[in-house]
Amino acid sequence: MNNIEKRGRLYGRGGFTLIELLVVMVILGMLAAIVGPNLFGKVGKGKQSAAKTQIEMIGQALDSYRLDVGKYPNTSEGLNALNTNSGAAGWDGPYLKKGLPNDPWGKPYQYQSPGTHGDYDLSSLGADGAPGGEGENKDINSWE
């Protein structure tokens, strides 16, 4: 057996055939099609959970503000009063360590004081940015 025949055998044994590669790619595609939608649903639920947690955190900051100042910031002062003193006597902030976050969809939280559901109303309008909705578009409210 000469060197050319030996080389041919070595080259023929080392790789995958096109059919084998296509079969693997089809299997990976099917797995992605099955698993992908389940993961995307979890992302939406995770964002809703993050919004609830942020609303609770901002609510605690508002309560601390009220203890120091004697009242919640009114609607015109807004949530910025938690980080910058607008001349309120007794202000001992900032009350949020990392500043005022946007909701997980990148929109500002809605704040009203006095609120229609309590001393203040704090909410996120969900993924669609509009009142109401179902699923990921559902509003997340401090009074619920």
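Being a predicted model, the structure only gives us computed values, none of them experimental.

About the thresholds
- Residues numbered from 1 in each chain as written.
- Predicted model: local features only at pLDDT ≥ 70, side-chain atom pairs only at ≥ 80, totals over all residues.
- Heavy atoms only, no water.
- Pairing = 2+ DSSP bridges.
- Helix = DSSP H or I, 4+ residues; strand = E, 2+ residues; numbered from the N terminus.
- Phe/Tyr/Trp six-rings, centres within 6.5 Å; stacked < 30°, edge-to-face > 60°.
- Buried < 20%, exposed > 50% of the residue type's maximum accessible area, 1.4 Å probe, protein only.
- Polar contact = N/O pair within 3.5 Å; in protein donor to acceptor, adjacent residues only side chain to side chain.
- Contact = heavy atoms within 4.5 Å.
- 1 Å grid on protein atoms, 1.4 Å probe; cavity = no way out; pocket = protein on both sides within 12 Å on 5 of 7 lines; lining within 4 Å.
- Points joined across faces, edges and corners; volume = space filled by probe spheres on them.
- Nonpolar A, V, L, I, M, F, W, Y, C, P; charged D, E, K, R; others polar.

Trainee: So what exactly am I meant to see when it comes to the sheet that holds strand S2 (residues 121-124) here?
Mentor: Backbone hydrogen bonds hold the strands of a sheet together, and the pairing may be parallel or antiparallel. One open sheet accounts for three strands, arranged S1-S2-S3; its pairing is antiparallel. Each edge of the sheet is formed by a strand with only one pairing partner; in this case those strands are strand S1 (110-112) and strand S3 (140-141). Bridge count between S2 and S3: two bridges; the pairing is antiparallel. Opposite serine 123, over in S3, you have asparagine 141 as the bridge partner.

Trainee: Can you help me understand the packing of aromatic side chains in this one?
Mentor: Geometrically, a pair of aromatic rings is defined through the distance of the ring centres and the angle of the planes. Under the criterion given, the structure shown has four aromatic pairs. With 5.7 Å between their ring centres and 70 degrees between their planes, tyrosine 65 and tyrosine 95 make a pair best called edge-to-face. Taken together, the residues tyrosine 65 in helix H2 (residues 18-69) and tyrosine 95 in the loop between H2 and S1 connect sequence positions 30 residues apart. The pair formed by tyrosine 65 and tyrosine 95 is uniform in burial state, with each residue classed as buried. Each ring, one from tyrosine 111 and one from tyrosine 120, has its centre 6.3 Å from the other, and the planes form 35 degrees; the classification is tilted. Taken individually, tyrosine 111 and tyrosine 120 each receive the classification buried, so the pair is uniform in this respect. These aromatic residues form a ring-pair network of at least three members: Tyr65, Trp91 and Tyr95.

Trainee: Is there a simple way to think about the side chain of serine 124 in this case?
Mentor: Looking at the secondary structure, you find serine 124 in strand S2. Residue classification places serine 124 among the buried positions, given a relative accessible area of 0%. A distance of 2.8 Å separates a polar atom in the side chain of serine 124 from a polar atom in the side chain of aspartate 103. Ignoring sequence-local partners within four residues, the contact set of serine 124 consists of Ile55, Asp103, Trp105, Tyr109, Asp139 and Ile140.

Trainee: How should the layout of surface pockets be read in this particular structure?
Mentor: The gaps of empty space that remain are located by a probe, the size of a water molecule, rolled over the atoms. Here the largest pocket defines a volume of roughly 230 Å³. It is H2 that contributes the most residues to the lining of the largest pocket, five residues altogether. Residues that form the lining of the largest pocket fall into these classes: three nonpolar, four polar and five charged.

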